[in-house]
Amino acid sequence: MTLPDDHAKDYIEKYMTQDAIIKVQGKYPLQGSVRIQGSKNATLPVLAACLLIPGKCVIHNCPIITDVMYMLRLLEYAGCIVTWKGNQVTVDACNVKEFRLPGEYVKKMRSSVILMGALLGRLHEVGIDYPGGCVIGERPIDQHLRGLEALGAKISMEGNYIHASSGKLQGAKIAFPSSSVGATQNVLLASVMARGETRIQNAAKEPEIAALCSFLRLAGADIVGEETGQITIHGVEELHPVEFDMMPDRIVAGTYLFAAMAAGGEICIKEAPIMHLTQVLHVLENMGGELKLRQESQEIELRVKERTKNLSYIETNVYPGFPTDLQSPLLSVAVVSEGKLLLKERIFSGRFKIVEELRRMGADITEYSNSVLIRGSSCLEGRNVIARELRGGAALVIAGLAASGITMVTDTRYISRGYEDIVRDLRTLGAHISINKI
Ligand code: EPZ
């Protein structure tokens, strides 16, 4: 199995694949600046797209996180030669020949499902188990399968195993009933070398879709319209290898901004994807955060001098709405902010997993079917809490920053799926935080 260079290898073995406990001493304001890692949710589809290209692609600013490690393992199973040195990944997909992927890694993360589009595009066949991923609610793939069938794939399912095969794929008109990031990515990957024209209506408009389209266009694909939600692809014969710089992770940037809202103080986020955070910055300002944005240097300065105050209502939505991936970090700030907030989750059915843990810390939260009513209280008590999924785990660390006393967060391997090193980054910002293996 290919791992990154020594430093990253030790780091991954020590922090990511084994259990550890994050210890947070609360009530210390943050101070300082931190650089934002490459985007997990743009890196994963770009790595899947490398399968389409018979040559060596190089990805710079690739985040060192377990989801990337699992994706690279899957590419290796398909026949790619992968090298990973620090934040640079090279994928040589000259000899991709295996269409069956191992359930062990497929089940580690939801995004393995987009390898269906990539393998159908390259080998016209794929065998994959139903994908895994965080327990944030129903994770159906009906739109993925409908899109691939529209392009000519014959799909059969036996228990949890999905087999799809096709001759050369044929362009089609695909109208998604609702926006799906992964299903849009799957159709993009399958259609860039299909015969003729493919039109995707109601395509997802997240920045990670635009990143995938930029990568594919750089490799020779003919794609227009990703900013509009109506994407048109004209199939090409072949794609060629590229070097690609990964954009910064808007969710990691937002996580650290909410950390400052919870702890107070003054921070600077460097290499911040300002244009991808408009709605989030609007919420921060209305909660009392003082922002200074430097577009030219891509820096966000946030000063939190007073106790934050709650907006009356916020709902998550597809981009450019408030991102569902920052709903839990917002929740951890809302529980210590002044006033009441009704927070509605419109994307996933089970994304309030941290409510129970926050209540144990003293939060006043009433849960309804897909929303919660928070009555901001002035204090949280440090407790031993359990991370049950990626963004909820990061949100519990944020709650620890705001709580009095010590908060211990276990099952930190979920956090390592998307954050290179949340302890390193928050410590850089002055947090009293450490991590110990169990
Ligand atoms: C991507 O997941 C992200 N993951 C998620 O980030 C993010 O929360 C989500 O998009 C929404 O922005 C990656 O990019 C790897 P969807 P994805 O398909 O593609 C329903 C994180 O924390 N749906 O846009 O799985 C689905 O159940 C992760 O980094 C169907 O019904 O999300 C959900 O309710 C968590 N049928 C909604 O659509 C389908 O076939 C949006 O899901 C597909 C989706």
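As the structure is a prediction and not an experimental result, all values here were calculated from the model. (Residues numbered from 1 in each chain as written. Predicted model: local features only at pLDDT ≥ 70, side-chain atom pairs only at ≥ 80, totals over all residues. Heavy atoms only, no water.)

S.K.: I would appreciate a short explanation of the overall build of the protein chain in the present structure.
M.R.: The number of helices and strands found in the protein chain is 14 helices and 23 strands. Taking 438 residues into account, the globule formula puts the C-alpha radius of gyration at 22 Å, and the protein chain, at 21 Å, falls close to it. Each principal axis of the C-alpha distribution contributes one length, and for the protein chain these read about 60 × 50 × 45 Å. Restricting the contact set of the protein chain to residue pairs at least 6 apart, pairs at least 24 apart contribute 73%. For the protein chain, the accessible area works out to roughly 16400 Å², and carbon and sulfur atoms hold 48% of it. (Helix = DSSP H or I, 4+ residues; strand = E, 2+ residues; numbered from the N terminus. Rg over C-alpha atoms; globule rule 2.2 N^0.38 Å. Contact = heavy atoms within 4.5 Å. Areas by Shrake-Rupley, 256 points an atom, 1.4 Å probe, with all protein chains shown as cover.)

S.K.: I tried to follow the pairing of strand β20 (residues 371-375) on my own but got confused; where do I start?
M.R.: Side-chain positions along a regular strand alternate between the two faces of the sheet. Most of β20 sits out of view: four of its five residues are buried. The pairing of strand β18 (residues 340-344) with β20 spans five bridges and is classified as antiparallel. Its bridge partner lying in β20, leucine 342 is registered against leucine 373. Here strand β19 (residues 364-367) hands over to β20 after three residues, the two strands then running antiparallel side by side. (Buried < 20%, exposed > 50% of the residue type's maximum accessible area, 1.4 Å probe, protein only. Pairing = 2+ DSSP bridges.)

S.K.: Teacher, can you tell me more about the state of the cysteines here?
M.R.: Structurally, a disulfide amounts to a covalent bond that connects the sulfur atoms of two cysteines. Evaluated as defined, the whole model comprises zero disulfides. For cysteine 213, which is in no disulfide, the shortest distance to another cysteine sulfur is to cysteine 50 and amounts to 15 Å. (Disulfide = S-S within 2.5 Å.)

S.K.: For this particular structure, what's the right way to read helix α8 (residues 207-218)?
M.R.: Owing to its 3.6 residues per turn, the α-helix aligns residues three or four sequence positions apart on the same side. Taking 1.5 Å of rise per residue, 12 residues should cover 16 Å, and α8 covers 16 Å from first to last C-alpha, within 8% of that figure. The element α8 is largely enclosed, with a buried count of nine among its 12 residues. At the exit of α8 stands glycine 220, carrying a positive phi of roughly 110°. (Expected span 1.5 Å × (residues − 1).)

S.K.: Whenever I open this one, the nonpolar core confuses me. Can you help?
M.R.: Nonpolar side chains tend toward joint burial in soluble globular proteins. One finds Phe215, Leu216 and Leu239 to be the most contacted residues of the largest nonpolar core, which totals 82 residues. Among the elements that line this core, the one with the most residues is helix α3 (residues 66-78), at eight residues. Each residue touching leucine 216, except ones within four places of it in the same chain, is listed here: Ala49, Leu52, Val192, Ala221, Ile223 and Leu239. (Core = buried A, V, L, I, M, F, W, Y, C linked by side-chain atoms within 4.5 Å.)

S.K.: I keep staring at the site of the ligand and nothing clicks. Help me out?
M.R.: Close to the ligand lie 22 residues, the nearest being Asp142, Gln143, Ser180, Asp325 and Ile347. Between aspartate 325 and the ligand, the recorded distance is 2.5 Å, taken from a side-chain N or O atom to an oxygen atom. Side-chain polar atom of arginine 351 to an oxygen atom of the ligand: 3.3 Å apart, as the coordinates give it. Taken by itself the ligand offers 830 Å² of open surface, and the protein chains cover 86% of this. Mapped by element, the contributors of at least two residues to the shell around the ligand are α2 (40-50), α6 (142-150), α7 (181-191) and α13 (390-402). With three residues, the top contributor of residues to the shell around the ligand is α6. (Near = heavy atom within 4 Å. Polar contact = N/O pair within 3.5 Å; in protein donor to acceptor, adjacent residues only side chain to side chain.)

S.K.: Please explain the sheet that holds strand β7 (residues 154-158) as it appears in this structure.
M.R.: By way of backbone hydrogen bonds, the strands of a sheet pair with one another, either parallel or antiparallel. The three strands are arranged β6-β8-β7 in an open sheet whose pairing can be described as antiparallel. The open sheet terminates on both sides in strands that have one partner only, identified here as β6 (125-129) and β7. Strand-to-strand twist across the sheet, computed as the mean angle between neighbouring axes with direction ignored, equals 15°. Examined bridge by bridge, β6 and strand β8 (residues 161-165) share five bridges and lie antiparallel to one another. Residue pairing for β8: glycine 127 is matched across the bridge by histidine 163. Sitting on the sheet, helix α5 (residues 115-123) is in contact with β6 and β8, with an inclination near 155° to β6. (Axes fitted to C-alpha atoms, helices over the stretch in contact; angles between N-to-C directions.)

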